[in-house]
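Fold and contact review
Below are the chains, spelled out letter by letter.
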Amino acid sequence: MSPARKSRIHCEVPFDKDGAHRGFLRLFHSVHGSAYGFIPIPIVVFRNGDGPTVLLMGGNHGDEYEGQIALANLIRSLDHTRITGRVIVLPMANFPAAIAGTRTSPIDGGNLNRSFPGDPDGTVTQQIAWYISSELLPLCDAVVDLHSGGSSLMYVPSVLARRPPEPAKAELPLRLLKAFAAPIAYLPAGGQGTGDDRTLSGAAAARGVVSLGSELGGAGTLTPAALRLAERGLRNVLVELGILPERERIPGDGPTRILEVGGAEWFVYASESGVYEPLVELGETVEAGQPAARIHTPETPWREPATVHFLRDGFVLCKRVPGRTARGDCLFHLGTETGL
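Residues numbered from 1 in each chain as written. Predicted model: local features only at pLDDT ≥ 70, side-chain atom pairs only at ≥ 80, totals over all residues. Heavy atoms only, no water.

Details of the nonpolar core
In terms of nonpolar packing, the biggest core is built from 38 residues, with Val 54, Leu 56, Val 87, Val 144, Phe 180 and Leu 212 touching the most fellow members. Considering each element in turn, this core owes the most residues, eight residues, to helix H6 (residues 224–240). Not counting residues within four places of it along the chain, the set of residues in contact with Leu 56 comprises Leu 71, Leu 74, Val 87, Ile 88, Val 89, Leu 90, Val 144, Leu 234 and Leu 238. Core analysis: the second largest hydrophobic core is formed by 33 residues, Val 13, Ile 39, Met 92 and Ile 128 among them. (Core = buried A, V, L, I, M, F, W, Y, C linked by side-chain atoms within 4.5 Å. Buried < 20%, exposed > 50% of the residue type's maximum accessible area, 1.4 Å probe, protein only. Helix = DSSP H or I, 4+ residues; strand = E, 2+ residues; numbered from the N terminus. Contact = heavy atoms within 4.5 Å.)

Below, the structure written as structure tokens:
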């Protein structure tokens with residue numbers, strides 16, 4: 001990234017001044033109803049002396065609420081005098097999508113987590129991605145990006161991290177995975193089998209920044225259990241990084257089971273359009289060749305449903321929520337044992 005290509009976004013808060021600073025990123029956006037207006041993306045910076053810097057982010061997808069609420073609660077409760085270092089909080093990163101409650105931006109259709117590293121002169125979503133890539137990530141030692149399944153998927157609440165290509169760099173990501181204290185953790189392939197690595201974790205990896213993600217539930221809603229898991233995980237990551245003292249750590253309910261998610265064979269996609277009938281549930285262990293779902297065509301009810309199968313053994317991490325589906329929709333994905 002060329003330093004000459006500066007972001008057009010203006011930040012109202014300082015990054016290098018001790019204290020708790022609350023304000024907005026001003027993404028200038030001239031439209032019919034507001035010729036000189038800006039999109040106000042909330043940002044909070046806590047700083048207390050020298051130490052690690054972490055970016056905590058929610059609302060990368062606007063219909064994923066666990067991170068937005070957990071970070072709002074953290075913003076109101078965190079005392080900057082108890083930390084060592086700096087915590088940058090971006091609770092509604094794709095602000096237009098978060099306000100609309102949609103995965104993608106209603107302004108430009110942009111999926112922020114498929115827009116990195118972004119473009120300072122691009123669409124609204126590309127400008128947000130560029131600001132995060134070029135202005136925030138260079139300040140950071142680590143980033144935590146809180147996700148869930150949004151409106152179309154439901155996950156077993158879990159935490160994830162990239163597996164570094166060099167074994168020597170794997171220690172910190174694995175420590176953070178375990179510190180988060182989710183019952184399930186997994187190590188995805190780049191782009192999670194989609195062949196697309198224009199994600200925040202991809203941008204962080206390009207800069208040598210450790211990243212942690214989550215899939216805390218989904219179905220377009222928020223559960224108390226998922227929120228508790230997110231809040232505990234955030235607190236424990238801050239402890240593990242040395243930003244909060246050890247006494248702030250919240251014990252987990254048990255050991256974390258670490259899985260991996262690889263390429264296309266970990267995923268099950270709809271072969272037809274219709275109404276899908278899941279044949280397994282979240283958390284089940286399945287075998288290669290086992291039927292995963294039947295896809296019915298109620299508009300032609302005498303037609304036999306199409307059956308799709310799992311391509312490998314594994315643990316059901318994720319399933320589609322809406323019954324109506326189209327060819328190419330993801331219905332399930334699996335995790336498999338790593339031995340870690």
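Next comes the rest of the description.
Quick word on the sheet that holds strand S15 (residues 291–296)
Taken in spatial order, the four strands line up as S16-S15-S13-S18 in an open sheet, and their pairing is antiparallel. The open sheet terminates on both sides in strands that have one partner only, identified here as strand S16 (306–309) and strand S18 (324–325). Where strand S13 (residues 274–278) lies against S18, two bridges are found, and the strand directions are antiparallel. Across the sheet, Gly 274 pairs through a bridge with Thr 325, a residue of S18. (Pairing = 2+ DSSP bridges.)

Let's talk about a nonpolar patch on the surface
A grouping of Phe 24, Phe 28 and Phe 38 is seen on the molecular surface, where their side chains present a nonpolar patch of about 270 Å² in accessible area. We classify Phe 38 as partly exposed; its relative accessible area is 32%. (Patch = residues over 30% accessible without salt bridge, like charges linked within 9 Å, V, L, I, M, F, W, Y side chains within 5 Å. Areas by Shrake-Rupley, 256 points an atom, 1.4 Å probe, with all protein chains shown as cover. Salt bridge = Lys/Arg side-chain N within 4 Å of Asp/Glu carboxyl O.)

Structural notes on the pairing of S15
Judged from the four bridges that link them, S13 and S15 form a sheet pairing that is antiparallel. Each bridged residue has a counterpart across the sheet, and for Val 275 the counterpart in S15 is His 296.

Some remarks on unusual backbone geometry
Glycine aside, residues mostly have negative phi, and peptide bonds are mostly found in the trans state. The peptide bond linking Phe 116 to Pro 117 adopts the cis configuration, its omega dihedral lying at 5 degrees. Turning to its location among the elements, Pro 117 is positioned in the loop between helix H2 (95–100) and helix H3 (124–136). Not every positive phi belongs to a glycine, and Ala 181 is a case in point at roughly 65 degrees. With respect to the helices, strands and loops of the structure, Ala 181 is situated in the loop between helix H4 (171–180) and strand S9 (184–188). Judged by its relative accessible area of 8%, Ala 181 is buried. Phi is positive for Ala 219, which is not a glycine, with a value near 60 degrees. Looking at where Ala 219 falls in the secondary structure, it is placed in the loop between strand S10 (210–215) and H6.

Focus on the packing of helix H1 (residues 66–77) against H6
Two elements in contact, H1 and H6, have axes separated by 9 Å at closest approach and are oriented at 50 degrees. With respect to H6, the axis of H1 lies oblique. For the element pair H1 and H6, the recorded crossing hand is right-handed. Contacts between H1 and H6 involve Glu 66, Ile 69, Ala 70, Leu 71, Asn 73, Leu 74 and Ser 77 on the former and, on the latter, Ala 226, Leu 227, Ala 230, Glu 231, Leu 234 and Arg 235. (Axes fitted to C-alpha atoms, helices over the stretch in contact; angles between N-to-C directions. Parallel < 35°, antiparallel > 145°, perpendicular 65-115°, else oblique. Left-handed = near helix turned anticlockwise from the far one by under 90°.)

Some points on the pattern of salt bridges
Opposite charge on two side chains permits them to pair, given that their charged atoms come into close proximity. One pass over the full model with this rule turns up 21 salt bridges. Its salt-bridge partner being Asp 50, residue Arg 47 comes within 3.7 Å of it at the nearest N-O pair. Given the relative accessible area of 15%, Arg 47 is considered buried. Residue classification places Asp 50 among the exposed positions, given a relative accessible area of 69%. With a shortest N-O distance of 2.7 Å, Arg 327 and Glu 272 are connected by a salt bridge. Of the two residues, Arg 327 sits in the loop between S18 and strand S19 (330–337) while Glu 272 sits in the loop between strand S12 (267–269) and S13, which places them 55 residues apart along the sequence. Judged by relative accessible area, which is 57%, Arg 327 ranks as exposed. Overall, Glu 272 belongs to the partly exposed group, its relative accessible area being 33%.

So, the environment of Glu 166
Along the chain, Glu 166 falls in the loop between strand S8 (158–161) and H4. Spatially, the C-alpha atoms of Glu 166 and Cys 318 are 29 Å apart, while their sequence positions differ by 152 residues.

Points about the packing of aromatic side chains
In the structure shown here, the tally under the stated rule is four aromatic pairs. On the numbers, 6.1 Å between centres and 70 degrees between planes, the contact of Phe 28 with Phe 38 is edge-to-face. With Phe 28 in strand S2 (residues 19–28) and Phe 38 in strand S3 (residues 38–48), this residue pair connects regions lying ten residues apart in the sequence. Among the aromatic residues, those joined into a cluster by ring pairs are Tyr 276, Phe 310 and Phe 332. Of note, Arg 312 hangs over the ring of Trp 266, and the distance from its end group to the ring centre comes to 3.9 Å. (Phe/Tyr/Trp six-rings, centres within 6.5 Å; stacked < 30°, edge-to-face > 60°. Lys NZ or Arg CZ within 6 Å of the ring centre and 35° of its normal.)

Regarding the pairing of S19
On a regular strand, each side chain points to the face opposite its neighbour's, so the side chains alternate between the two faces of the sheet. Along S19, seven of the eight residues are buried, which leaves the element largely enclosed by surrounding structure. Both strand S11 (residues 257–261) and S19 contribute to a ladder of two bridges, which runs antiparallel. Paired with Glu 260 across the two strands is Thr 336, which belongs to S19. Bridge analysis of S12 against S19 gives three bridges, and the strand direction is antiparallel. By the bridge assignment, Tyr 269 is partnered in S19 with Cys 330. As judged from the four bridges shared by strand S17 (residues 314–320) and S19, these two strands associate in the antiparallel manner.

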